[in-house]
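Residue-level listing of the chains:
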Amino acid sequence: MSSSSINVPKIPSAAETKQQAAEVQSQLSNSLSTLVHNYASTTPARVKLIDSFLLFCVLSGVLQFAYRILVTSFPYYAFVGGFGSTVGQFVLLAGLRAQVAPGRDSEFKAISQERAFLDFAASSVILHLFCFNFLG
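Residues numbered from 1 in each chain as written. Predicted model: local features only at pLDDT ≥ 70, side-chain atom pairs only at ≥ 80, totals over all residues. Heavy atoms only, no water.

A few words now on the overall build of the chain. For the chain, the count of helices and strands is 4 helices and 0 strands. Going residue by residue from the N terminus, the α and β elements of the chain occur as α-α-α-α. Counting only C-alpha atoms, the chain reaches 80 × 45 × 30 Å along its principal axes. When each of the 136 residues of the chain is scored for burial, the buried share is 17%. Partitioning the contacts of the chain with sequence separation of at least 6, the portion at a separation of at least 24 is 69%. Looking at the chain as shown, the accessible area adds up to about 10400 Å², and 68% of this sits on carbon and sulfur atoms. (Helix = DSSP H or I, 4+ residues; strand = E, 2+ residues; numbered from the N terminus. Buried < 20%, exposed > 50% of the residue type's maximum accessible area, 1.4 Å probe, protein only. Contact = heavy atoms within 4.5 Å. Areas by Shrake-Rupley, 256 points an atom, 1.4 Å probe, with all protein chains shown as cover.)

Another aspect to go through is the pattern of salt bridges. Applying the stated rule across the entire model yields 3 salt bridges. One salt bridge in this structure joins Lys10 and Glu16, with 3.6 Å as the shortest N-O distance. Taking relative accessible area as the criterion, Lys10 reaches 68% and is therefore assigned exposed. Accessibility expressed as a relative area gives 32% for Glu16, which makes it partly exposed. Between Arg97 and Asp51 there is a salt bridge, with its nearest N and O atoms 2.4 Å apart. Here the residue Arg97 occupies a position in helix α3 (residues 76–100), and Asp51 occupies one in helix α2 (residues 45–70), the gap between them amounting to 46 residues. Arg97 sits in the partly exposed class, given a relative accessible area of 26%. Residue class for Asp51 comes out buried when judged on its relative accessible area of 18%. (Salt bridge = Lys/Arg side-chain N within 4 Å of Asp/Glu carboxyl O.)

This part covers the domain arrangement of the chain. Segmenting the chain into domains produces domain 1 (1–42) and domain 2 (44–136). Centre-to-centre separation of domain 1 and domain 2, based on C-alpha positions: 39 Å. (Domains from an automatic or database assignment.)

So, on to a nonpolar patch on the surface. On the surface, a cluster of nonpolar side chains totalling about 400 Å² of accessible area is made up of Val58, Val62, Val87, Phe90 and Val91. Residue assignment for the nonpolar patch shows that the elements contributing at least two residues are α2 and α3. Ranked by residue count, the leading element in the nonpolar patch is α3, at 3 residues. Judged by its relative accessible area of 40%, Val58 is partly exposed. (Patch = residues over 30% accessible without salt bridge, like charges linked within 9 Å, V, L, I, M, F, W, Y side chains within 5 Å.)

This brings us to the UniProt feature "transmembrane region" (unreviewed entry) in the chain. UniProt marks residues 53–70, 76–96 and 116–135 with the feature "transmembrane region" (unreviewed entry), using the numbering shown here. Taken as a whole, residues 53–70 contains 100% helix and 0% strand, while its terminal C-alpha atoms sit 25 Å from one another. Within residues 116–135, the helical portion is 85% and the strand portion 0%, while the C-alpha atoms at the span's ends are 29 Å from each other. (UniProt positions renumbered as here; feature names shortened; annotations may be inferred.)

This is the structure we're talking about:
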C-alpha cells in the first residue's frame, strides 16, 4: 500500500475555524434577536406578566436550592415548604399560561379566561395552605 492512496482529512486552519465560529455566532445572534423581537411584538401583556412570574418562580427555586446545598438545611421542613410552594406555583402558573395564551382557544373552548384565573387562584390558596403545614 502506497502512502499516496491514503486519504487524510484536511484539518482546517485557525483562520477557517475562527471564520466558522464567527458565522455560527452571527446566526445565533440573529436567531435570538428575531425571537426576542417576535415575543415582544406578538405576545399579549397578560401572558408576559405570567412569564415574568414564571421566571421569578424559577429564580426563587434555584436560590432556595442553592441555599440548602451551600449553607444549611437546618430548618428542613421550612425548605420543603418553601421549595414545594415554589414548584407548585410554577406548575399552576404554567397551566394558567396554557389556558390564556392566544391560539389555544380550540383546546380550552369551554373554559373562559376568568374561570381559568379563578381556578388558578383557588388552587394557589390550597397549595399555600398545604405548604404552610410544613413550616412547623
